[in-house]
Amino acid sequence: MNKRLEEFFNNEAAGGILLLFTATLALILSNSALSDSYFYFINFEVFGWTLHHIVNDALMAIFFYVVGLEIKKEIFQGELSDRKKSSLAIFGALGGMIVPALIYFLLNANDSLDKHGWAIPMATDIAFAVGVLTLLGKRVPAELKIFLLALAIVDDLGAILVIALFYTKQLSILHLLLSIIPFSIIYLLNRFVPLHRFVYITLGILSWFLIFKSGIHATIAGVILAFLTPFELEKNELRSTTPLTHWLHTLHPIVTFSIMPLFAFFNAGLVLKGISFSDIFQSSVSLGAMLGLVIGKPLGILIFCFVACKLKIAKLPDTIDWLEMTGVGLIAGIGFTMSLFINGLSFGGTATEDYAKLGILTGSLLAAFIGYFSLRYLLGRRNQAAAEL
């Protein structure tokens, strides 16, 4: 595995640890004597915006910008640039989105509100998933790591499309049309003149504001900006890095070690008083989120990958077998960040949000636990067999 990917995995693993710490801290505070202070803090208003909304609507736009940059880079130069290599991950991601969403929807089809959260178990949390995989050390084949990375990137793209298409409540055509102006200026300036960072940031903030006012979730502005960021150097450019690489290297550590942990702290708080383990099974929302992640994810990934290989659209790497694919499919069931984000869009401010959050946290924890020990056993068996040869 090349140096860039090794660095990426190391950063994501460290970020996953920090993410776990801040999520645990939020759970502890929300169930301690400081519970009122915790909820007062996250809902504290600044210029008419709560801190919770600032994190979810503004800072997460930067997260989505970095996700968009990663997707674009992988498409042009990474694991998604080779059709044969990317096919398996693309089909796996499709199955890992469709089957969990279907499980959730079938369990909540009779309730017009609850079924709105069908997309909650769709996406993999790349930081947590990579963190769990990293705990297994060097025994994990590089191809398995690359498959998980590519799969997570593809289903991030799927989640972004779902948010844009299905979680827009009321569309303002005027603001949407106005947003084309700063996006067009950015595109034209990127093509003909080097774009100064201050100008880029200013136009980016303006486009974010207009997307926010349009009714489409403001974080989508980050994705659009990412795809407008040039991947190649201009003909007369003397810099050694492209604008995309510059922003990715600059923002990735900020997102990994600041924005995502902040998001976890502001969104993982859940008052457990009065909630029992049985509530997970009594609430179709909790059950749908949990089963979608723990069962739907690995099942969807396996079925779609198997069919793609049988149809010779994709090929399973020689260093991976189907049991190991099952293990990595379980780890892909760690939904956390994107699941909590879509949960907020689906049920924000209602009691249903807490039940969905319970299912997300339980499902992600089970997926991490079962996936880790399953893959540890399977890889241990592989290494033992290799040593006996």
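Residues numbered from 1 in each chain as written. Predicted model: local features only at pLDDT ≥ 70, side-chain atom pairs only at ≥ 80, totals over all residues. Heavy atoms only, no water.

A. Structural view of the confidence of the model for the protein chain. Considering every residue of the protein chain, the mean pLDDT works out to 85; 91% of them sit at 70 or more. Predicted confidence is poor over residues 234-238, with pLDDT under 50, and the contacts of this stretch with residues over four places away or in other chains come to three contacts. (pLDDT = per-residue confidence, 0-100. Contact = heavy atoms within 4.5 Å.)

B. The pattern of salt bridges, seen in detail. This model, assessed by the stated rule, comprises one salt bridge. The partner of Lys297 in a salt bridge is Asp155, with the nearest N and O atoms 2.7 Å apart. With Lys297 in helix H12 (residues 284-310) and Asp155 in helix H6 (residues 142-166), this residue pair connects regions lying 142 residues apart in the sequence. Neither Lys297 nor Asp155 differs from the other in exposure class; each is buried. (Salt bridge = Lys/Arg side-chain N within 4 Å of Asp/Glu carboxyl O. Helix = DSSP H or I, 4+ residues; strand = E, 2+ residues; numbered from the N terminus. Buried < 20%, exposed > 50% of the residue type's maximum accessible area, 1.4 Å probe, protein only.)

C. Highlighting unusual backbone geometry. In this structure, Phe47 is a non-glycine residue whose phi angle is positive, near 55°. Structurally, Phe47 is set in the loop between strand E1 (45-46) and strand E2 (49-50). On the basis of relative accessibility, which here comes to 81%, the residue Phe47 falls in the exposed class. Even without a glycine there, the phi angle at Lys312 is positive, about 60°. Within the secondary structure, Lys312 is located in the loop between H12 and helix H13 (322-331). Relative accessible area serves as the criterion here: at 74%, Lys312 is assigned to the exposed category.

D. Main features of the environment of Phe369. Assignment of secondary structure puts Phe369 in helix H15 (residues 351-388). For Phe369, a relative accessible area of 54% puts it in the exposed group. C-alpha of Phe369 to C-alpha of Thr202: the two residues are 167 residues apart in sequence and 44 Å apart in space.

E. Local environment of the state of the cysteines. Taken as a whole, this structure holds zero disulfides when the rule is applied. Among the cysteines around Cys305, which has no disulfide bond, Cys309 carries the closest sulfur, lying 6.5 Å off. (Disulfide = S-S within 2.5 Å.)

F. A look at a nonpolar patch on the surface. Nonpolar side chains collect at one region of the surface, where Ile295, Leu299, Ile303, Phe306, Val307, Leu311 and Ile313 lie side by side and expose about 600 Å² of accessible area between them. Look at Ile295 and you get partly exposed, because its relative accessible area is 43%. (Patch = residues over 30% accessible without salt bridge, like charges linked within 9 Å, V, L, I, M, F, W, Y side chains within 5 Å. Areas by Shrake-Rupley, 256 points an atom, 1.4 Å probe, with all protein chains shown as cover.)

G. The arrangement of the packing of aromatic side chains in detail. Summed over the entire model, instances satisfying the criterion amount to 18 aromatic pairs. Through successive ring pairs, a cluster of aromatic residues spans Tyr38, Phe39, Phe41, Phe265 and Phe266. (Phe/Tyr/Trp six-rings, centres within 6.5 Å; stacked < 30°, edge-to-face > 60°.)

H. Representation of H13 within the structure. Burial analysis of H13 places seven of its ten residues in the buried class, the great majority of the element. Listed in full, the buried residues belonging to H13 are Glu324, Met325, Gly327, Val328, Gly329, Leu330 and Ile331. Sitting at the head of H13, Asp321 places a side-chain oxygen 3.1 Å from the backbone nitrogen of Leu323. (Polar contact = N/O pair within 3.5 Å; in protein donor to acceptor, adjacent residues only side chain to side chain.)

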